[in-house]
Amino acid sequence: MLESIFDLARASSYADRIDWLFTLITVVVGFWLIMAEGVLFYFLFRFRRRKGVKAQYISGEEKGQKKWINIPHALVILCDVVLIVGAISVWVHIKQNLPESDVKIRVIGQQWAWIFVHPGPDGKLDTEDDISTVDELHVEEGKVYHFDLESRDVVHSFSVPVFRLKQDVVPGRVITGWFEPTKTGEFDIQCAEICGIGHGVMAARLHVESSEDHKKWMAHHTREDSASLATAVTATAPSTE
Ligand SMILES: [Cu+2]
């Protein structure tokens, strides 16, 4: 179990940055946790109740005492600044600046499935050759994808752990984000927002393919397949009224 957490593959161009940020936070916060608890337990032991020793009341106002508060306080604030700068730089890279896209896809969440609309061989979305799938996303390694996230009913969350991507899906809004797959393979997608009784089974599979395999997959999907699937999905979608 632990092994699988530490070995979780990184399959997007920004996964490293998220892991770096997690490590930074763990190290900085972990250091202060150990320091603070260490000092606390040392004092508990060192100044425990003893016969013939009276308790002292230390207000911290006497000369030379306040530095024991001021110095750690300043150091903690400095560490906060480091964490904030680290977090903002990662945020700007992933959320604020979207690189030019090679491919645009649409991701639609509904109770309780994911619908993915891929552009067909023409490379354009919202044309006749679009390929719609349920719970199955096919992308090509090394291409920059923009995705439009939509919900048909309630709030969902589009979570792709190997991409280190998690984004809420909000009904009435179209949220655009990006990713660039860097590793081929089959990975998990999971809804990460409690969205009703079927939330736990609202999972999908991500297929990151080489250019060749992706073309093959595309060739296997005729327009008819896709159109009939899209109609079936629309027919089973719960009413939003
Ligand atoms: Cu959901």
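See the structure above.
Each value, and the rule that gives it
- Residues numbered from 1 in each chain as written.
- Predicted model: local features only at pLDDT ≥ 70, side-chain atom pairs only at ≥ 80, totals over all residues.
- Core = buried A, V, L, I, M, F, W, Y, C linked by C-beta atoms within 7 Å.
- Buried ≥ 20, exposed ≤ 12 C-beta atoms within 10 Å, placed from the backbone.
- Helix = DSSP H or I, 4+ residues; strand = E, 2+ residues; numbered from the N terminus.
- Pairing = 2+ DSSP bridges.
- Expected span 1.5 Å × (residues − 1).
- Axes fitted to C-alpha atoms, helices over the stretch in contact; angles between N-to-C directions.
- Parallel < 35°, antiparallel > 145°, perpendicular 65-115°, else oblique.
- Contact = placed C-beta atoms within 7 Å.
- Nonpolar A, V, L, I, M, F, W, Y, C, P; charged D, E, K, R; others polar.

Engineer: How should the nonpolar core be read in this particular structure?
Structural biologist: As a rule of thumb, nonpolar side chains are buried together in soluble globular proteins. In this structure, Val107, Phe116 and Phe163 are the most contacted members of the largest nonpolar core, which totals 27 residues. In terms of residues, this core owes the most to one element, strand S2 (residues 113–118), which gives four residues.

Engineer: Is there a simple way to explain the pairing of strand S7 (residues 165–169) in this structure?
Structural biologist: Each regular strand displays side chains that alternate between the two surfaces of the sheet. Looking at chain direction, strand S6 (residues 156–160) and S7 are connected through five bridges and run antiparallel. Within S7, the residue paired with Ser159 across the bridge is Lys166. From the end of S6 to the start of S7, which pair antiparallel, there are four residues, and Arg164 there has a positive phi angle of about 60 degrees.

Engineer: Sorry, what's going on with unusual backbone geometry here?
Structural biologist: Negative phi values dominate among residues other than glycine, just as trans dominates among peptide bonds. Here the bond from Gln111 into Trp112 is cis, since omega is 0 degrees, no more than 30 degrees from zero. Along the polypeptide, Trp112 turns up in the loop between strand S1 (103–110) and S2. With phi around 55 degrees, Asp135 is a residue other than glycine that occupies positive phi space. One can find Asp135 in the loop between strand S3 (131–134) and strand S4 (136–140). Despite not being glycine, Arg164 has its phi angle at roughly 60 degrees, a positive value. Mapped onto the elements of the fold, Arg164 is located in the loop between S6 and S7.

Engineer: Help me understand helix H3 (residues 67–96) in this model?
Structural biologist: When the terminal C-alpha atoms of H3 are compared, their 41 Å separation across 30 residues agrees well with the 44 Å that a helix rising 1.5 Å per residue should span. Across the 30 residues of H3, zero count as buried, placing the element largely on the outside.

Engineer: Any chance you could explain the packing of helix H2 (residues 15–46) against H3 here in plain terms?
Structural biologist: Helix-helix packing: each pair is described by the crossing angle between the helix axes and the interaxial distance. Axis separation between H2 and H3 bottoms out at 10 Å; the angle between their running directions is 170 degrees. Regarding the angle of H2 to H3, the classification is roughly antiparallel. Between H2 and H3, the residues in contact are Arg17, Ile18, Leu21, Leu24, Ile25, Val28 and Trp32 and Val76, Cys79, Val82, Leu83, Gly86, Ala87, Val90 and His93, respectively. For the contact of H2 with H3, the class distribution of residues is twelve nonpolar, two polar and one charged.

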